[in-house]
Amino acid sequence: MGGDLTRIVVTEEEIDARLAELAARIDEDYAGKELLLVGVLKGASIVMSDLIRHLRGDVSMDWMAVSSYGASTQSSGVVRILKDLDTEIADRHVLVVEDILDSGLTLSWLVDNLYSRGPASVEIMTLLRKPEAVKVEVDVKYLGFDIAPEFVVGYGLDYAERYRQLPFVAVLAPHVYGG
Ligand code: PRP
């Protein structure tokens, strides 16, 4: 697998340290409140499981699966719900947990969709953001790292469902995806 990667962008240690900082802020911001973490499958499964273990407050988790990419490396902008929440979110504080904000199309659509259900609040935590790739402005309250607009995999991020298990974020070599 090593030959498929050109460079590590964010190390395992950097991710863990940043998640601990963000979790401390989240605990402080939601002190005395119940918080529902909404993970966006499948990529956010890794960051969700690491983030939630740093949290000390009153939290629960739920999941949505939406699809906008398929096997392509470019966002189509078409969002479909593949799996909806199990829980009602009316009057609840919701924090969407994502692995990456690329064009912003997925999160922009998702936040609008969640707001239509009458929550007390909706905020966003994303581990990664590609500022130069953003097509729709999305208000991110908790950000891990801004990265360059390169094709990255690992820590939940895939190419054709592979590489999600890497404990770090790395650039995928162009020969792998024919770039
Ligand atoms: C990725 C990522 C975000 C979305 C971000 O998911 O997890 O949900 O793309 O892209 P955008 O900002 O351009 O909309 P993907 O559709 O690849 O599904 P996955 O999490 O199952 O890999």
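Before any of the text, the structure's been laid out above.
Residues numbered from 1 in each chain as written. Predicted model: local features only at pLDDT ≥ 70, side-chain atom pairs only at ≥ 80, totals over all residues. Heavy atoms only, no water.

A.B. asks: Is there a simple way to think about the site of the ligand in this case?
C.D. replies: Contacts to the ligand come from 17 residues, most closely from Glu98, Asp99, Ser103, Gly104 and Thr106. Residue Gly43 places a main-chain N or O atom 2.8 Å away from an oxygen atom belonging to the ligand. Within the side chain of Glu98, one N or O atom sits 2.5 Å away from an oxygen atom of the ligand. Protein chains bury 91% of the 500 Å² of accessible surface belonging to the ligand in isolation. Only strand E5 (93-101) and helix H3 (105-115) provide two or more residues apiece to the shell around the ligand. Top element by residues in the shell around the ligand is E5. It accounts for four residues. The residue inventory of the shell around the ligand, partitioned by class, reads five nonpolar, six polar and six charged. (Near = heavy atom within 4 Å. Polar contact = N/O pair within 3.5 Å; in protein donor to acceptor, adjacent residues only side chain to side chain. Areas by Shrake-Rupley, 256 points an atom, 1.4 Å probe, with all protein chains shown as cover. Helix = DSSP H or I, 4+ residues; strand = E, 2+ residues; numbered from the N terminus. Nonpolar A, V, L, I, M, F, W, Y, C, P; charged D, E, K, R; others polar.)

A.B. asks: Got a minute to help me understand the pairing of strand E7 (residues 142-146) in this structure?
C.D. replies: Of all the five residues making up E7, four are buried; the element is thus mostly covered by neighbouring parts of the structure. Examined bridge by bridge, strand E6 (residues 121-129) and E7 share four bridges and lie parallel to one another. Looking across to E7, one finds that Arg129 is bridged to Asp146. (Buried < 20%, exposed > 50% of the residue type's maximum accessible area, 1.4 Å probe, protein only. Pairing = 2+ DSSP bridges.)

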